[in-house]
Amino acid sequence: MRLFPRLSVLQYDLINMSLMLTEIAEQPAALERTIAQERVKIAKLGNILKTRDIHLIVLVARGSSDNAALFGRYLLEITTGIPVSLSAPSVHTIYNADLRLDHALVVGVSQSGEGEDINRVLEHARASDAYTVGITNEPGSSMTRIVDETLLTHGGKERSVAATKTFTGQMLLFYMLATELAVKSVPFKYEAIPEFVAQALEQRPAILELVQRYVFMENCVVVGRGLAYANAYELALKLMETCYVVAERFSSADFLHGPLAMVERHFPVILFAPPGVMLPGVKSLIERLRELHADTLAITSDLEAAGMCTRSIVMPREIDEFLAPIPYIVPGQLFAALLAEAKGLNPDSPRSLSKVTRTL
């Protein structure tokens, strides 16, 4: 197993680098640590859960963690055959509803482990006889004292307000959990992900040049589908919170059901187009956008899709559909951080935001 230096294999100019860019570069090492330190625990957790006759998995999160949970929903349903629901915290915290969760696994996802609404849902779930798991980056957080088991993203302290390494760490833990709960062998080896992320980081010089063309962008659409759907949500969130760009996000299917009408000449559309079963549909959308003369930017390994777009970020072809979500979000993170700097903004301190957001 490859051991990555703390700031990745790339030799960045660390003197003027934002915290966000520094933490993006730390991801290969953070992911390696998470695999090494959580693998045995998750294997034991898988054995426990197989004895509990789990009929439902409920994921509860906010912000970037909610986007990681959206990815987890797709991955867990595909691999385990168990229905997965994304919780509406206000059902518990405002409406005080009592849910029947005795055959449920409820997973809370929170970078800080201090989200009051997330923790309230976990408390209610445990009182309703659900088995509860917390996914967090903070081993001493309130969440860890509520749940039956804690899974940690070993990212080290995340100082930038915009989550990067904790987001990919959360996604990785869903890969590891899915591997243990799957009804048959999973079609992926998550151990390859840190190396793929290191390769994705090598796109930074090309993305630095690319963002100069988007300095005046105020609105855009981000598109992804299937396992890449959560990537669209996460990149849109990053653009909103660091660049103040109004970024809508859609699946490629939903985008054709109405929102396509807002596309005019040069309207920017960013598309995740990894290999796999969703690629033909995304390429059909790209063709329609080309007819409308939209400004299209694809993150893809498919050279035909890249050639159909105005611009592209070309990913390694050996990254398959199931392993694409984590390495494919890395160019998106770099794009947001570098675009913020090109706009003269500080990506580490978005206005009106703080690292820990407390809601009920």
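Our structure is the block above this text.
In short, a report on the structure. Every value quoted in this text rests on a predicted model; they were computed, and no experiment measured them.

### Overview of the overall build of the protein
Then, in step 1: Secondary structure summary: the protein contains 13 helices and 10 strands in total.
Then, in step 2: Over its C-alpha atoms the protein spans a radius of gyration of 20 Å, differing by no more than 12% from the 21 Å that the globule rule assigns to 360 residues.
Then, in step 3: Considering the protein as a whole, with its 360 residues, one finds that 59% of them fall into the buried category.
Then, in step 4: When contacts within the protein are restricted to residue pairs at least 6 apart in sequence, long-range pairs at least 24 apart make up 75% of them.
Then, in step 5: Only carbon and sulfur atoms are counted for the fraction: they give 51% of the accessible area of the protein, which is about 14900 Å².
Then, in step 6: Here the protein holds 34 positive side-chain charges and 40 negative ones, and the gap between their average locations is 1 Å.

### Quick notes on the packing of aromatic side chains
The description of an aromatic ring pair uses the distance of the two centres, along with the angle that the planes make with each other.
Then, in step 1: Going through the model one piece at a time under the given rule, you end up with 6 aromatic pairs.
Then, in step 2: A ring pair is formed by Y74 and Y229, whose centres lie 6.2 Å apart and whose planes are at 75°; its orientation type is edge-to-face. On the criterion of sequence distance, the pair formed by Y74 in helix α3 (residues 63-80) and Y229 in helix α9 (residues 229-243) is long-range, its members being 155 residues apart.
Then, in step 3: Look at Y74 and you get partly exposed, because its relative accessible area is 29%.
Then, in step 4: Each residue in the set F71, Y175, F188 and F322 is aromatic and connected to the rest through ring pairs, giving one cluster.

### Section: unusual backbone geometry
Then, in step 1: Of note in this structure, D53 is not a glycine but carries a positive phi near 55°.
Then, in step 2: Within the element layout of this structure, D53 appears in the loop between α2 (27-50) and β1 (56-61).
Then, in step 3: Residue class for D53 comes out partly exposed when judged on its relative accessible area of 43%.
Then, in step 4: The residue D129 is not glycine, and still its phi comes out positive at about 75°.
Then, in step 5: With respect to the helices, strands and loops of the structure, D129 is situated in the loop between α5 (116-127) and β4 (131-136).

### Comments concerning the packing of α2 against helix α6 (residues 165-181)
Then, in step 1: The contact between α2 and α6 brings their axes to 8 Å, and the two run at 35°. As for how α2 packs across α6, the hand of that crossing is right-handed. Of α6, the residues touching α2 (which contributes Q27, L31, T34, I35, E38, R39, I42, A43, L45, G46, L49 and K50) are K165, T168, G169, L172, L173, M176, L177, E180 and L181.
Then, in step 2: Residue composition of the contact of α2 with α6, by class: 11 nonpolar, 5 polar and 5 charged.

### Notes on the pairing of strand β6 (residues 219-223)
Then, in step 1: Of all 5 residues that make up β6, 4 are buried, and the element is covered over most of its length.
Then, in step 2: Once the chain exits β6 it traverses α9 before rejoining the sheet at strand β7 (residues 246-250), and the crossover so formed is right-handed.
Then, in step 3: Bridging between β6 and strand β8 (residues 268-273) involves 3 bridges; their strand directions are parallel. Within β8, the position partnered with V223 by the bridge is L271.

### Things to note about the nonpolar core
Then, in step 1: The biggest cluster of nonpolar side chains holds 87 residues, and the ones touching the most others in it are L105, Y175, I193, V222, L239 and F335.
Then, in step 2: Per element, the largest residue contribution to this core is 11 residues, and it comes from helix α13 (residues 325-342).
Then, in step 3: Apart from the residues lying within four places of it in its own chain, the contact partners of Y175 are F71, L75, F188, Y190, I193, F322, L323, P325 and I326.
Then, in step 4: F255, L279, V282 and A294 belong to the second largest nonpolar core, which has 20 residues in total.

### Here's the deal with the side chain of T79
Then, in step 1: By the secondary structure assignment, T79 is in helix α3.
Then, in step 2: A polar atom in the side chain of T79 sits 2.7 Å from the backbone oxygen of L75.
Then, in step 3: If near-sequence neighbours (up to four positions away) are discounted, T79 is found in contact with A178, A182, V183, V186 and F188.

### What about the sheet that holds strand β3 (residues 104-109)?
Then, in step 1: Spatial ordering of the open sheet is given by β2-β1-β3-β4-β5, a layout of 5 strands whose pairing is parallel. Of all strands in the sheet, those with a lone pairing partner are β2 (84-86) and β5 (149-152), marking the two edges. This sheet shows a mean twist of 20° between the axes of neighbouring strands, independent of strand direction.
Then, in step 2: Strands in contact with α2 are β3, β4 and β5; relative to β5, the strand with the most contacts, it is inclined by about 150°.

### Quick look at the environment of D320
Then, in step 1: Relative to the helices and strands, D320 is located in the loop between β10 (311-314) and α13.
Then, in step 2: Taking the C-alpha atoms as reference points, D320 and P274, separated by 46 residues in sequence, lie 7.5 Å from one another.
Then, in step 3: When near neighbours in sequence (up to four residues on either side) are disregarded, D320 contacts P187 and P275.
Then, in step 4: At a separation of 3.1 Å, a polar atom in the side chain of D320 contacts the main-chain amide nitrogen of F322.

### Re α6
Then, in step 1: The end-to-end C-alpha separation of α6 is 24 Å, in line with the 24 Å expected for 17 residues at 1.5 Å each.
Then, in step 2: Of all 17 residues in α6, 15 are buried, a share of seventy percent or more.

### Description of the pairing of strand β9 (residues 295-300)
Every regular strand shows the same layout, with side chains that alternate between the two sheet faces.
Then, in step 1: Taken across its 6 residues, β9 has 6 buried, putting it largely inside the fold.
Then, in step 2: The alternating pattern of β9 places D295, L297 and I299 and T296, A298 and T300 on opposite faces, both of which are buried.
Then, in step 3: Handedness of the β-α-β unit built from β8, helix α11 (residues 279-291) and β9 comes out right-handed.
Then, in step 4: Pairing analysis gives 4 bridges linking β9 to β10, with the strands arranged parallel. Residue pairing in the sheet places A298 in a bridge with S312 of β10.
Then, in step 5: Handedness of the crossover is the feature at issue here: the chain leaves β9, passes through helix α12 (residues 303-308), returns alongside β10, and the resulting connection is right-handed.

About the thresholds
Residues numbered from 1 in each chain as written. Predicted model: local features only at pLDDT ≥ 70, side-chain atom pairs only at ≥ 80, totals over all residues. Heavy atoms only, no water. Helix = DSSP H or I, 4+ residues; strand = E, 2+ residues; numbered from the N terminus. Rg over C-alpha atoms; globule rule 2.2 N^0.38 Å. Buried < 20%, exposed > 50% of the residue type's maximum accessible area, 1.4 Å probe, protein only. Contact = heavy atoms within 4.5 Å. Areas by Shrake-Rupley, 256 points an atom, 1.4 Å probe, with all protein chains shown as cover. Lys, Arg positive; Asp, Glu negative; His and termini not counted. Charge placed at Lys NZ, Arg CZ, Asp CG, Glu CD. Phe/Tyr/Trp six-rings, centres within 6.5 Å; stacked < 30°, edge-to-face > 60°. Axes fitted to C-alpha atoms, helices over the stretch in contact; angles between N-to-C directions. Left-handed = near helix turned anticlockwise from the far one by under 90°. Nonpolar A, V, L, I, M, F, W, Y, C, P; charged D, E, K, R; others polar. Right-handed = clockwise from strand over helix to strand, strands pointing away. Pairing = 2+ DSSP bridges. Core = buried A, V, L, I, M, F, W, Y, C linked by side-chain atoms within 4.5 Å. Polar contact = N/O pair within 3.5 Å; in protein donor to acceptor, adjacent residues only side chain to side chain. Expected span 1.5 Å × (residues − 1).

Interpretation in functional terms is not warranted from these geometric data alone.
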